[in-house]
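Descriptive analysis of the structure
Spelled out from the first residue to the last, the chains are:
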Amino acid sequence: MEHTIPEKHYLNEATGWKSWLMTLDHKRIGILYMIMVMFSFFLGGVFALLLRWELISPDKILMGPEMYNQAFSLHGIIMIFLFIIPSIPAILGNFVMPLMIGAKDVAFPRLNLASWYIYVIGFCFAVYALFTGGIDTGWTFYTPYSNETTTAVIPILTAAFVLGFSSIFTGLNFIVTIHKLRAPGMTWFQLPLFVWAIYATALIQVLATPVLGITLALLMLERVVGIGIFDPAMGGDPVLFQHFFWFYSHPAVYIMILPGMGIISELIATFSHRRIFGYKFIAFSSLGIAFTGFLVWGHHMFVSGQSDLAAVIFSFLTFFVGIPSGIKILNWMATMYKGSISLDTPMLWALSFLILFSIGGFTGIVLGTLSIDVHLHDTYFVVSHFHYVMVGGTVMAIFGGLHYWWPKIWGRMYNETLARIAVVLIFVGFNVTFFVQFIMGTQGMPRRYYTYLPQFQGMHGFSSIGALIMGVGFLLIGIYLIHAIFKGKPAGPNPWRALTMEWETPSPPRAGNFEGAQRLTHGPYDYDKVVPENALKQYKTL
Amino acid sequence: MNQTTAHPAHLQHHFTDAHQQAESAKLGLWIFLLTEVLLFGGLFCFYAIYRSWNPDMFHNAHAFLNVWMGATNTVVLIVSSLTMALAIRSMQLGRRKHTIVFLSGTVFLACVFMVIKYFEYSHKIHLGQLPGKWYFFEGIAGTNPHIFFSAYFLMTGLHGFHVLGGIAVITWLIIKTSRGSFSPEYYTPIEMTGLYWHLVDLIWIFLFPLFYLIG
Ligand SMILES: [Cu+2]
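Residues numbered from 1 in each chain as written. Chains lettered and ligands numbered in written order. Predicted model: local features only at pLDDT ≥ 70, side-chain atom pairs only at ≥ 80, totals over all residues. Heavy atoms only, no water.

Topic: the coordination of the copper ion
Residues and elements named next belong to chain A. Bound to the copper ion on the protein side are H250 (ND1), H299 (NE2) and H300 (NE2), at distances that span 1.7 to 2.0 Å. The sequence motif formed by the donor residues of the copper ion is H-x48-H-H. Here the residue H250 occupies a position in helix α8 (residues 238–272), and H299 occupies one in the loop between α9 (279–292) and α10 (308–336), the gap between them amounting to 49 residues. As far as the burial class goes, H250 and H299 line up, both buried. (Donors = N, O, S within 2.8 Å, 3.2 Å for Na, K, Ca; no water. Helix = DSSP H or I, 4+ residues; strand = E, 2+ residues; numbered from the N terminus. Buried < 20%, exposed > 50% of the residue type's maximum accessible area, 1.4 Å probe, protein only.)

Here it is in structure tokens:
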């Protein structure tokens, strides 16, 4: 069936740059975020490639040791604070979540736009730091070094501080939206699982980020005023900084992964054409992860000199995080079991997620084990684990989600063949890059080192080839996705034949989302009751 | 359907009715207050840790705070919370003039608080009872007394900024009220500012004994 782009939609109902920069439409704000966040991803990716390039040889190729310290710090800071934390909530959460619950917008549209501007201000501070001395503390800003280095610590702390507010406001907005703006008749257990995940994420954003804010503020005051709180020479305690920092930053890794898990729930259900298995388990495991995430921060500090008892308890509690994550994985597998699975591009991303995230999760249990961690601490094993969770998990989910909702966002479809090639490139490239890093880690290759022993030459070279493959893959994705915006074939309202509410709108949707009040006609995963068509609100009942 | 009754001026288009809008605003504000509690929570942690490490020094240093000024400020803030509550009550009853009087009273008391704080601060600065490396006072026994003053200035300082923020917002409310923006049907901003103001008051009620009344 041939589809056409509707005459009027949110992209053309208002025109001119002012209509974008002053927009209150959650969909346009999502796109504003997409531009900034994806540009940050590009920047962080360039730093990653430079690092891998340098690591091809233990000697100097591109940069000296000081530059190298700056490059890995900027890679980390950009990827964490500018890309991965805002990515899914701010882009897809903004665009899709209100549509999914049948709302006309988020609860506070002006606050939503303000969050974007705050993000841009934070971005500017980060770029300013980049050009005024850089930063060489790593993304963790550990004291006492962060208190002593002459690099641009204050601008980058300001950037992270400001970005934190953007994150808090987005979280606050989403919690209120999900509580108060659901379509009439939509109960909590009729919410799509992506919405549950966004909700759990928003709770962490709101509860953890203020602590990061005060921590960074204290560090700035320590540097500028010398208040003595983290300075051992003045009776302060540098380890206290680590406690404060990880009290935020461990929950923050769930800010990064939970929304990704939400996307995977949608993808698996849609492309298995099957009612999701264990809906309530998946929904509550998101809250379970959010809750346990607040109790485990000490597992980053096993060798910091915290008390042995604390270390044992933190190690034990860390294992508990594995339970809700495992529940999700098993429920997704059960959903696919005997489903009629179609292997469209988004599903390929979801399958990549399942494999890579499982490896990342299991190695997390390894690292959470106190005795093993003492051995593996600060080695490439940690680097690899983190990238398996964050890239193998979240980035796979982001791109799965982008490919899934791209036809909804722009009304047009991308080139499926190129898209499948890209998934394979990324999947292969990723494993080539990071799997050897597990091995290097167990053999004692320390992370953040500019040089290495000759025995690691082969594996570092192999890893760098993987990074290049990934680079090519992401470049390809950028090209065909942007091409699709202008030249793609019109997709129709429901190209994947999914049952969540965002597919009941034309692609692209109107500025106000729905005509009149949206009513609930079926649950988000009622594939055993109705078969959706790629047309507006057309279903065959089974 | 009559558009004007369905959508009064203060109702934004994406809400179905005024009730939904007011409920959303209130929930949003409660979450905001929660983030404030966590923000101060970090500092309370700071206080708890260093006091447990230096109990004697904290005890010796606290004697240099002026209990009477602190106590006066506590009373001032509690009364300002009362005037704030009365301002909301007056608007519920539609008495706009009373609302303006009570809001102005709240601003006045907040200013009194800040003036007293100013005298306390300038006295400390004069004596050199300052945070961290700026500390030059001699006469407090115990290790690292500057840490006590770091905590004192940080916590009362952050609280002071919240008082200043409150003054700004309540002044804006006075202007809006005198322009007739609020009515017994719509006074959400006053109510929400009231909640915020009570939290600011509450934080001071914790700060006062923690700094001025160390036993
Ligand atoms: Cu952690």
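Now that the structure is up, let's keep going.
Here's the deal with a nonpolar patch on the surface
Residues and elements named next belong to chain A. Together, F316, F319, F320, I323 and I365 make up a nonpolar patch on the protein surface, roughly 430 Å² of accessible area in all. With 4 residues, α10 is the single largest residue contributor to the nonpolar patch. On the secondary structure map, I323 appears in helix α10. (Patch = residues over 30% accessible without salt bridge, like charges linked within 9 Å, V, L, I, M, F, W, Y side chains within 5 Å. Areas by Shrake-Rupley, 256 points an atom, 1.4 Å probe, with all protein chains shown as cover. Salt bridge = Lys/Arg side-chain N within 4 Å of Asp/Glu carboxyl O.)

Describing the interface of chain B and chain A
Opposite the 33 residues of chain B that make contact, chain A presents 33 residues. A buried area of about 2700 Å², summed over both sides, lies between chain B and chain A, and 74% of it is on carbon and sulfur atoms. When residues of chain B are sorted by the area they lose upon contact with chain A, H14, I31 and L38 of chain B head the list and together hold 19% of the total. Across the contact surface, chain B and chain A share 1 salt bridge. Between K180 of chain A and E23 of chain B there is a salt bridge; the shortest N-O distance is 3.7 Å. Along the contact surface separating chain B from chain A lie 9 residue pairs in polar contact (both at pLDDT 80 or more). Of all elements in the fold, only α2 (18–53) and α6 (145–178) of chain B reach the threshold of two or more residues within the side of chain B that touches chain A. For the side of chain B that touches chain A, the leading source of residues is α2 of chain B, giving 19 residues. Classifying every residue of the side of chain B that touches chain A by side-chain character gives 19 nonpolar, 12 polar and 2 charged. (Contact = heavy atoms within 4.5 Å. Buried area = accessible area lost by both parts, 1.4 Å probe. Polar contact = N/O pair within 3.5 Å; in protein donor to acceptor, adjacent residues only side chain to side chain. Nonpolar A, V, L, I, M, F, W, Y, C, P; charged D, E, K, R; others polar.)

Quick notes on the packing of aromatic side chains
Each aromatic ring pair is described using two quantities: the centre-to-centre distance and the angle formed by the ring planes. Residue and element names in this part refer to chain A. In this structure the tally under the stated criterion is 67 aromatic pairs over all chains. Seen from their ring centres, Y68 and Y450 are 5.7 Å apart, and the 65° between their planes marks the pair as edge-to-face. Taken as a pair, Y68 in helix α3 (residues 65–100) and Y450 in the loop between α14 (416–442) and α15 (457–487) lie far apart in primary sequence, 382 residues in all. Between the NZ or CZ atom of R28 and the centre of the ring of W20, over which it lies, the distance is 4.1 Å. The ring of F189 has K280 lying over it, and the distance from NZ or CZ to the ring centre is 4.3 Å. (Phe/Tyr/Trp six-rings, centres within 6.5 Å; stacked < 30°, edge-to-face > 60°. Lys NZ or Arg CZ within 6 Å of the ring centre and 35° of its normal.)

Concerning the pattern of salt bridges
Within this structure, the stated rule accounts for 12 salt bridges over all chains. A salt bridge links D528 of chain A to R275 of chain A; its shortest N-O distance comes to 3.2 Å. Of this pair, D528 of chain A sits in the loop between β2 (489–490) and β3 (530–532) while R275 of chain A sits in the loop between α8 and α9, and the two are 253 residues apart along the sequence. Between E120 of chain B and K117 of chain B there is a salt bridge, with the nearest N and O atoms lying 3.1 Å from each other. With E120 of chain B and K117 of chain B both in helix α5 (residues 96–127) and 3 residues apart, the pair spans about one turn of that helix. A single burial state applies to E120 of chain B and to K117 of chain B, both of which are buried. Here the residues in one salt-bridge network are R275, D526, D528 and K529 of chain A, joined through shared partners.

Some points on the environment of V37 of chain A
All names here are of chain A. Structurally, V37 can be placed in helix α2 (residues 26–54). The exposure class of V37 is buried, given its relative accessible area of 0%. Along the primary structure V37 and L82 are separated by 45 residues, whereas in three dimensions their C-alpha atoms are 6.4 Å apart. Setting aside chain neighbours within four positions, we find V37 in contact with L82, F83, P86, S87, I91 and Y119.

A look at the side chain of D105 of chain A
Position of D105 of chain A among the secondary structure elements: in the loop between α3 and α4 (109–131). It is K27 of chain A that comes nearest to the buried, bridge-free D105 of chain A among opposite-charge side chains, at 6.8 Å. Residues within four places of D105 of chain A in sequence aside, it is in contact with L24, D25, H26, P98, T177, L181 and N513 of chain A together with H14 of chain B. (Lys, Arg positive; Asp, Glu negative; His and termini not counted.)

Focus on the nonpolar core
As a rule of thumb, nonpolar side chains are buried together in soluble globular proteins. Counting residues in hydrophobic clusters, the biggest one holds 246 residues, and the most contacted among them are F81, F141, W332, F353 and W405 of chain A together with F211 of chain B. The dominant element in this core, judged by the number of residues it contributes, is α3 of chain A, at 22 residues. Sequence-distant contacts of W405 of chain A, that is, excluding residues within four places in its chain, are made with L92, V96, M100, F194, I263, E266, E502 and W503 of chain A. (Core = buried A, V, L, I, M, F, W, Y, C linked by side-chain atoms within 4.5 Å.)

Regarding the packing of helix α4 (residues 67–92) of chain B against α5 of chain B
Residue and element names in this part refer to chain B. Relative to each other, α4 and α5 sit at 165°, their axes nearing to 8 Å. It follows from the interaxial angle that α4 and α5 lie roughly antiparallel. Judged by the twist between their axes, the crossing of α4 over α5 is left-handed. Class assignment for the residues of the contact of α4 with α5 results in 15 nonpolar, 9 polar and 3 charged. (Axes fitted to C-alpha atoms, helices over the stretch in contact; angles between N-to-C directions. Parallel < 35°, antiparallel > 145°, perpendicular 65-115°, else oblique. Left-handed = near helix turned anticlockwise from the far one by under 90°.)

Observations regarding unusual backbone geometry
For residues that are not glycine, phi is negative in most cases, and the peptide bond is trans in most cases. Backbone torsion omega between T143 of chain A and P144 of chain A reads 0°, so that peptide bond is classified as cis. Positive phi values are uncommon outside glycine, yet K338 of chain A reaches one of about 65°. Mapped onto the fold, K338 of chain A is located in the loop between α10 and α11 (345–368). Overall, the relative accessible area of 70% leaves K338 of chain A in the exposed class. Notably, N144 of chain B is not glycine yet its phi reads approximately 50°, a positive angle.

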